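Take a look at the letters that make up each chain.
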Amino acid sequence: MKVLLLVDLQNDFLPGGSFPIETGNEIFPAINKLLKYPFDIILATKDWHPPDHGSFAANHHKAVGEKIMLNGLEQILWPTHCVQNTHGSEFAPGWNTGQIDEVFFKGTDKLIDSYSAFYDNAMQKSTGLAAFLKKIKASEIYIAGLATDYCVKYSVLDALNLGFIVYVVTDACRGINLAPQDSQEALAEMQEEGAHLITSDEL
Ligand code: VGL
Ligand code: ZN
């Protein structure tokens, strides 16, 4: 069972959104190439926060990028983004969302962020993705999307820990890069942990 998992391809993470990755639109040629390949199933995640989410700087009257303790865990503060049922949390245009078989939602609890598509940042609650993948007997997971250094990275590391064979499609990912080398370091860490880095053309 070959699974394509597309992470957080949502308006707010792209130019014009509230938390834009300025190079984010560069992934769509690769995403559209992937969508032509014969995956057994295509899954997507949505970052899906309530308006009072604890990761939003504005909810603490603090600056973006500052760190706080949120319910016992260190939390980087982000711009308000991907609020449930807003334009910013909708899938971005530029790819055929009609091909998605199932969507998994994360970051829904205001007291804890969730970078991984599988579990929240305290590994307490599951999105249901792990159980779904086991049920369909998934073996290989091809992961792409936004952002390389957060949601893609933590999804990849959890998928490896769950025992899946994981491919990261590097030209179909872009990062936030709070520090300029963050995405490169994230890819190196994923590879060290056992992920295979490939491009959409190599696939
Ligand atoms: C993400 C930070 C906060 C991501 C989501 O999709 O990588 N990063 N929320
Ligand atoms: Zn978020």
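This write-up is about the structure you can find in this document. Nothing here was measured: the structure is a model prediction, and the numbers come from that model.

1. Quick word on the sheet that holds strand β6 (residues 140–146)
In a beta sheet, neighbouring strands are held together by backbone hydrogen bonds and run either parallel or antiparallel to one another.
So, step 1. Spatial ordering of the open sheet is given by β5-β2-β1-β6-β7-β8, a layout of 6 strands whose pairing is parallel. Unpaired on one side and paired on the other, β5 (102–106) and β8 (196–198) mark the two borders of the sheet. Taken pair by pair, the neighbouring strands of this sheet meet at an average axis angle of 25 degrees, ignoring direction.
So, step 2. As paired elements, strand β1 (residues 2–7) and strand β2 (residues 41–47) share 5 bridges and run parallel to each other.

2. Digging into the layout of surface pockets
So, step 1. Looking at the largest pocket, its volume works out to about 430 Å³.
So, step 2. Ile76, Tyr115, Asn121, Tyr150 and Tyr154 are the residues nearest the centre of the largest pocket, which is lined by 24 residues in total.
So, step 3. Among the secondary structure elements, those contributing two or more residues to the lining of the largest pocket are β3 (67–70), β4 (73–76), α3 (148–161) and α4 (182–192).
So, step 4. Looking at the lining of the largest pocket, its residues break down into 11 nonpolar, 3 polar and 10 charged.

3. Observations concerning the nonpolar core
So, step 1. Formed by 64 residues in total, the largest nonpolar core has its most connected members in Leu6, Ile31, Leu43, Trp95, Leu133, Ile143 and Val156.
So, step 2. A total of 7 residues in this core trace back to one element, the largest contributor, which is α3.

4. Details of α4
Each α-helix turn comprises 3.6 residues. Residues three or four places apart therefore point the same way.
So, step 1. Every buried residue of α4 is listed here: Asp182, Ser183, Ala186, Leu187 and Met190. The buried residues of α4 all sit within an arc of 135 degrees when viewed along its axis, so they share a single face. For α4, the exposed residues set more than 90 degrees away from the buried face come down to Gln184 and Glu192.
So, step 2. Of the surrounding secondary structure, the elements contacted by the buried residues of α4 are α3, β7 (165–174) and β8.
So, step 3. Downstream of α4 by one or two residues, Gly194 has phi in the positive range, about 120 degrees.

About the criteria used
- Residues numbered from 1 in each chain as written.
- Chains lettered and ligands numbered in written order.
- Predicted model: local features only at pLDDT ≥ 70, side-chain atom pairs only at ≥ 80, totals over all residues.
- Heavy atoms only, no water.
- Pairing = 2+ DSSP bridges.
- Helix = DSSP H or I, 4+ residues; strand = E, 2+ residues; numbered from the N terminus.
- Axes fitted to C-alpha atoms, helices over the stretch in contact; angles between N-to-C directions.
- 1 Å grid on protein atoms, 1.4 Å probe; cavity = no way out; pocket = protein on both sides within 12 Å on 5 of 7 lines; lining within 4 Å.
- Points joined across faces, edges and corners; volume = space filled by probe spheres on them.
- Nonpolar A, V, L, I, M, F, W, Y, C, P; charged D, E, K, R; others polar.
- Core = buried A, V, L, I, M, F, W, Y, C linked by side-chain atoms within 4.5 Å.
- Buried < 20%, exposed > 50% of the residue type's maximum accessible area, 1.4 Å probe, protein only.
- Arc of directions from axis to C-beta.
- Contact = heavy atoms within 4.5 Å.

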